[in-house]
Amino acid sequence: MGITACFPGDTDAARTLREQMVMDQLERRGVRDARVLEAFRRLPRHLFCSEGTPIDSAYADRPLGIGCGQTISQPLMVAEMTVQLRLKDTDRVLEIGTGSGYQAAVLALLVAEVHTVERIGCLAEQAQARFRQLGFDHVHVHVGDGTCGWPDAAPYDAIVVTAAAPDLPEPLRQQLADGGRLAIPVGPRHVQDLVVWERQGNAFNRHEWGGCRFVPLIGRHGWPD
Ligand code: SAM
């Protein structure tokens, strides 16, 4: 994958906070996937937070503001969504809602290629700069309405949507490969269920993971602006 074992900008203090985050927030709450836990141990979450964020807040058990009214999701939610995708290292993945770039970077530690779409240009630019600095050459950032997916690189082995939709956008369903998994928060504006779809030929099996709360997915197949 060509990603260094130790990232520039990482520190011993951050590594200690990260270990604590993995033990207290993830393992203790039932996250068992060893590859996912290792990705959380390696990735410096503080480098994805807004400038001036105290380092202990970067590893706290909650979402954080990243500007433009958007958030970097709570570590547990990022981990659970990632686990639900059951990723293999050869997979190609689409993320909708780049935000800080943290979820895309977690994915990038686990798969061969990541495409991520963000509707707010300045967030996409900041995330792109982080990927460049950390050596994530196999993450491709696109600016646009992610409710339409990213057809140019479809189909995808997994799709994850990190903003909440009224329902599953049809283009995303179409861009999922046979055997693929798709995780998306679905429901009313202020509280949703994390829904996971699995494609078997033309059949889409649906199961609900549990309650969650995300910012709205705004676009043609999502909520109006
Ligand atoms: N995955 C992000 C991270 O790791 O920091 C967190 C994402 S934040 C909870 C949701 C993001 O979805 C916001 O950055 C928001 O601008 C973006 N978003 C909302 N509607 C979108 C759309 N139609 N297409 C692409 N991005 C969208």
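See the structure printed just above.
The text that follows walks through the structure, step by step, so that each part is easy to find. Since we're looking at a predicted model, the values are computed, not measured.

Regarding the overall build of the protein
Scanning the protein from N- to C-terminus turns up 7 helices and 9 strands. Here the C-alpha atoms of the protein give a radius of gyration of 16 Å, agreeing with the 17 Å that 2.2 N^0.38 yields for 225 residues. The dimensions of the protein, computed from C-alpha atoms along their principal axes, are 50 × 35 × 30 Å. Residue pairs at least 24 apart in sequence account for 58% of intrachain contacts in the protein once pairs closer than 6 positions are excluded. In the structure as shown, the protein presents an accessible area of about 9800 Å², 50% of it carried by carbon and sulfur atoms.

Re the sheet that holds strand β9 (residues 203-212)
Pairing within the open sheet is mixed, and its 7 strands lie in the order β5-β4-β3-β6-β7-β8-β9. A single partner strand is all that each edge strand has here, and the edge strands are β5 (139-143) and β9. Recorded for the sheet is a direction-independent mean angle of 15° between the axes of neighbouring strands. In terms of strand pairing, strand β7 (residues 176-186) meets strand β8 (residues 192-200) through 6 bridges, oriented antiparallel. Residue pairing across strands places R181 opposite E198, the latter belonging to β8. Helix-sheet contacts for helix α4 (residues 75-84) involve β6 (156-161), β7, β8 and β9, and the interaxial angle to β9 is about 165°. Sitting on the sheet, helix α6 (residues 121-134) touches β4 (113-118) and β5, and the angle it makes with β5 is about 165°.

Some remarks on the pairing of β5
Sheet analysis places β4 next to β5, joined by 5 bridges and oriented parallel. Bridging across to β5, E118 finds its partner in V143.

With respect to the site of the ligand
With respect to spatial proximity, 28 residues lie near the ligand, and among them E95, S100, E118, G146 and I218 are the closest. One nitrogen or oxygen atom from the main chain of G97 is found 2.9 Å from a nitrogen atom belonging to the ligand. Here S100 contributes a side-chain N or O atom positioned 2.6 Å from an oxygen atom of the ligand. Relative to its unbound accessible area of 600 Å², the ligand is 99% covered by the protein chains. Looking at the shell around the ligand, the element that brings in the most residues is strand β2 (residues 70-72), giving 3 residues. A breakdown of the residues in the shell around the ligand according to their chemical character gives 11 nonpolar, 13 polar and 4 charged.

Observations concerning the nonpolar core
In this structure, F40, L43, Y102, F131 and F136 are the most contacted members of the largest nonpolar core, which totals 53 residues. Ignoring any residue separated from it by four or fewer positions in sequence, one finds F40 in contact with R18, M21, V22, L26, P75, V78, A79, Y102 and V106. Counting 18 residues, the second-largest nonpolar core is a separate cluster that includes I96, V117, L168 and L217.

Topic: the pattern of salt bridges
Applying the stated criterion to the full structure yields 14 salt bridges. The residue R41 makes a salt bridge to E19 at a minimum N-O spacing of 3.0 Å. Here the residue R41 occupies a position in helix α2 (residues 34-42), and E19 occupies one in helix α1 (residues 12-26), the gap between them amounting to 22 residues. E113 is paired through a salt bridge with R92; the nearest N and O atoms lie 3.6 Å apart. You can see E113 sitting in strand β4 and its partner R92 sitting in strand β3 (residues 92-96), a full 21 residues away along the chain. On the basis of relative accessibility, which here comes to 23%, the residue E113 falls in the partly exposed class.

Each value, and the rule that gives it
Residues numbered from 1 in each chain as written. Predicted model: local features only at pLDDT ≥ 70, side-chain atom pairs only at ≥ 80, totals over all residues. Heavy atoms only, no water. Helix = DSSP H or I, 4+ residues; strand = E, 2+ residues; numbered from the N terminus. Rg over C-alpha atoms; globule rule 2.2 N^0.38 Å. Contact = heavy atoms within 4.5 Å. Areas by Shrake-Rupley, 256 points an atom, 1.4 Å probe, with all protein chains shown as cover. Pairing = 2+ DSSP bridges. Axes fitted to C-alpha atoms, helices over the stretch in contact; angles between N-to-C directions. Near = heavy atom within 4 Å. Polar contact = N/O pair within 3.5 Å; in protein donor to acceptor, adjacent residues only side chain to side chain. Nonpolar A, V, L, I, M, F, W, Y, C, P; charged D, E, K, R; others polar. Core = buried A, V, L, I, M, F, W, Y, C linked by side-chain atoms within 4.5 Å. Buried < 20%, exposed > 50% of the residue type's maximum accessible area, 1.4 Å probe, protein only. Salt bridge = Lys/Arg side-chain N within 4 Å of Asp/Glu carboxyl O.

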